[in-house]
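Take a look at the letters that make up each chain.
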Amino acid sequence: MKKQTKAIDEPFCRKDPYGALSMPVYNSVAYEFDNAQDMADTFCGRMKGPDYSRTENPTVTYFENKVKSLTGAADVVAFNSGMAAISNALMAVVSEGKYIIASRHLFGNTLSLITGTLRRFGVKVILLDLTDAKAVEEAVNKDVCCIFLEIMTNPQLEVADLKALSVIARKHNIPLIADSTTIPFTETDLGGLGVDVEIVSSTKYISGGATSLGGLVIDYGRFDFVSCRLRGELLFNIGAYMTPQVAYMQSLGLETLAVRYNKQAENALWLANELYKLPGVKVNYVGLKDNPYYEISRKQFGETSGAMLTIDLKDRDACFRFLNNLKLIRRATNLFDNRTLAIHPASTIFGLFTDQQRKEMDVLDTTIRLSVGLEDVEDLLDDIKQAL
Ligand SMILES: *Cc1c(COP(=O)(O)O)cnc(C)c1O
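Residues numbered from 1 in each chain as written. Predicted model: local features only at pLDDT ≥ 70, side-chain atom pairs only at ≥ 80, totals over all residues. Heavy atoms only, no water.

**A closer look at the sheet that holds strand β12 (residues 367–371)**
And step 1. Pairing is mixed across the open sheet formed by five strands, whose spatial order is β8-β9-β12-β11-β10. The open sheet is flanked by β8 (282–284) and β10 (330–331), the only strands paired with a single partner.
And step 2. Bridge count between β8 and strand β9 (residues 308–312): three bridges; the pairing is antiparallel. When the bridges of β9 are listed, Asn-284 appears paired with Thr-310.
And step 3. The sheet contacts of helix α9 (residues 244–276) involve β8, β9 and β12, and relative to β9 the element is tilted by about 15 degrees. (Pairing = 2+ DSSP bridges. Helix = DSSP H or I, 4+ residues; strand = E, 2+ residues; numbered from the N terminus. Contact = heavy atoms within 4.5 Å. Axes fitted to C-alpha atoms, helices over the stretch in contact; angles between N-to-C directions.)

Quick look at the structure:
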């Protein structure tokens, strides 16, 4: 079956006693066993099935299975936020004294996780320009335990060559870990491009209109220990598993993901082309033909280029004036809601970093980030024009 059919028609693990068409929300903490032996076998992993919802829940398993069949992954584990997925995946891979090679362009909390939280536990980090594969090759040493990047960075919109990085990762037998939040897996085949572990904030496109927080670790199976540690150790000890209500909403989100995404990406391209014509506005969108990442993005992610774009205005004051003038577009963080959102990343998501750190991350005071929604594009353009 094709992806869109799988997104709708993933079979349940067990037939529903009432013939429910949607996977019900199993709002149960624990599960009863027929006898003591089954209970012992389930607890010790010799028999499949849930025992306690911190580590397994039928509604969450259904959601994970849908993602598994859409991506062809070996295993998928769902978490209660994108950050929980990132921190748990990294905790499955890192240890004291080891290095993470990571892009210098990272989501703010990911950067602070790697350079702050994990550093306190003795994990070291090498921040690099990951579009420069040669620099990565030179930086790998025997204590590097993974390479981590975002497939399209936010808000810089930089796209690294995943195949080139995967060649380096393979050579040194370390996992290539990619946060793919900005382009959904219905459009890509990151496993085929050599990514070993894909991470998604399902809060964004998948949740179906900003309904809920969630995260996914999609394991392509080249490093067995990743899912083993996630399922056998970290779900138990850290306790950040997705809840069944969220899995229900996000399973529903998956059914319409490709349709919503493609419309949002089409709207973003249309807007980017219109904004390109306006004087005094600098547009950054990977789908514009003169964008430096246009070709590599086509090669890796196909025809569409996501629903995130940025515009640069004269200075911070001009950005704040623009935001304050908006009437339709919402001043809010988050990405890929059904409604269009605008934010000034330098003063918000990256507001607590130092000027020097922002400079190193290329987070500019002049940049407004737009997440383009499902409204009529002409209304969006009118709002942007009057706000300018
Ligand atoms: C939002 C986001 C995250 C964090 O996800 P949450 O669900 O908010 O925890 C991580 N990476 C990227 C690229 C994001 O956009």
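So much for the structure itself; the text now carries on.
**Thoughts on the sheet that holds strand β3 (residues 124–128)**
And step 1. An order of β1-β7-β6-β5-β4-β2-β3 is seen for the seven strands of this open sheet, with the pairing classed as mixed. Across the chains shown, the open sheet's two edge strands, defined by having one partner strand only, are β1 (75–79) and β3. Direction aside, neighbouring strands of the sheet carry axes that sit 20 degrees apart on average.
And step 2. With four bridges connecting them, strand β4 (residues 144–150) and strand β5 (residues 176–179) associate as parallel partners. Pairing of Phe-148 across the sheet is with Ile-177, part of β5.
And step 3. Together, β1 and β7 (215–219) form the strand contacts of helix α3 (residues 58–71), whose direction differs from that of β1 by roughly 135 degrees.

**Notes on the layout of surface pockets**
And step 1. Approximately 1,200 Å³ is the volume found for the largest pocket.
And step 2. Taken together, 37 residues form the lining of the largest pocket, with Lys-48, Gly-49, Pro-50, Glu-56 and Thr-61 sitting closest to its centre.
And step 3. Residue assignment for the lining of the largest pocket shows that the elements contributing at least two residues are α2 (36–43), α3, β1 and α8 (225–237).
And step 4. Ranked by residues supplied to the lining of the largest pocket, first place goes to α3 with six residues.
And step 5. Considering the residues around the second largest pocket, the lining is formed by 28 residues, among which Met-83, Phe-107, Asn-109, Ser-201 and Lys-204 are closest to the centre.
And step 6. Sorting the residues of the lining of the second largest pocket by element identifies α4 (82–93), α5 (108–120) and β6 (197–201) as the ones contributing at least two each.
And step 7. Broken down by element, the lining of the second largest pocket gets its largest block of residues, four residues, from α5.
And step 8. Residue composition of the lining of the second largest pocket, grouped by class: 10 nonpolar, 14 polar and four charged. (1 Å grid on protein atoms, 1.4 Å probe; cavity = no way out; pocket = protein on both sides within 12 Å on 5 of 7 lines; lining within 4 Å. Points joined across faces, edges and corners; volume = space filled by probe spheres on them. Nonpolar A, V, L, I, M, F, W, Y, C, P; charged D, E, K, R; others polar.)

**Details of the pattern of salt bridges**
And step 1. Scanning all chains against the criterion turns up 20 salt bridges.
And step 2. For Arg-46, the salt bridge identified is with Asp-41, shortest N-O distance 3.0 Å.
And step 3. By relative accessible area, Asp-41 is classed as buried at 16%.
And step 4. For Asp-315, the salt bridge goes to Lys-314, with nearest N and O atoms at 3.6 Å.
And step 5. Assessed through its relative accessible area of 27%, Asp-315 is described here as partly exposed. (Salt bridge = Lys/Arg side-chain N within 4 Å of Asp/Glu carboxyl O. Buried < 20%, exposed > 50% of the residue type's maximum accessible area, 1.4 Å probe, protein only.)

**Section: empty space enclosed by the protein**
And step 1. Under the defined criterion, the tally for this structure stands at one cavity of 30 Å³ or more.
And step 2. Here the largest cavity defines a volume of roughly 30 Å³.
And step 3. Forming the walls of the largest cavity are Ser-103, Leu-130, Leu-149, Glu-150, Thr-153, Glu-158, Val-159 and Ala-160.

**Considerations on the nonpolar core**
And step 1. Among the nonpolar cores identified, the biggest contains 93 residues, and Leu-90, Ile-100, Ile-101, Phe-148 and Leu-216 are the most heavily contacted of them.
And step 2. With residues near it in sequence (within four places) discarded, Leu-90 still touches Ile-100, Leu-113, Ile-114, Leu-118, Cys-146, Phe-148 and Ile-177.
And step 3. Counting 26 residues, the second-largest nonpolar core is a separate cluster that includes Val-281, Tyr-285, Phe-322 and Leu-323. (Core = buried A, V, L, I, M, F, W, Y, C linked by side-chain atoms within 4.5 Å.)

**What about the site of the ligand?**
And step 1. Taken together, the neighbourhood of the ligand is formed by 14 residues, with Gly-82, Asp-179, Ser-201, Thr-203 and Lys-204 sitting nearest.
And step 2. Interatomic distance of 2.8 Å between a backbone N/O atom of Gly-82 and an oxygen atom of the ligand.
And step 3. Note that an oxygen atom of the ligand is positioned 2.8 Å from one of the side-chain N or O atoms of Lys-204.
And step 4. In this structure the site holding the ligand corresponds to the second largest pocket.
And step 5. The element that contributes the greatest number of residues to the shell around the ligand is α4, accounting for three residues.
And step 6. Partitioned by chemical class, the residues of the shell around the ligand number five nonpolar, seven polar and two charged. (Near = heavy atom within 4 Å. Polar contact = N/O pair within 3.5 Å; in protein donor to acceptor, adjacent residues only side chain to side chain. Sits in = over half its atoms within 2 Å of the grid points.)

**Points about the domain arrangement of the protein**
And step 1. Parsing the protein into structural domains produces domain 1 (3–251) and domain 2 (259–387).
And step 2. For domain 1 versus domain 2, the distance between C-alpha centres works out to 27 Å.
And step 3. Contact with domain 1, which involves 35 residues of that partner, is made by 32 residues of domain 2.
And step 4. By the criterion of area lost to domain 2, the three top residues of domain 1 are Pro-155, Leu-157 and Tyr-205, representing 24% of everything that side buries.
And step 5. Its salt-bridge partner being Asp-362, residue Arg-104 comes within 3.6 Å of it at the nearest N-O pair.
And step 6. The interface formed by domain 1 and domain 2 holds nine residue pairs in polar contact (both at pLDDT 80 or more) in total.
And step 7. The element best represented in the side of domain 1 that touches domain 2 is α5, accounting for three residues.
And step 8. Taken together, the residues of the side of domain 1 that touches domain 2 sort by class into 16 nonpolar, 13 polar and six charged. (Domains from an automatic or database assignment. Buried area = accessible area lost by both parts, 1.4 Å probe.)

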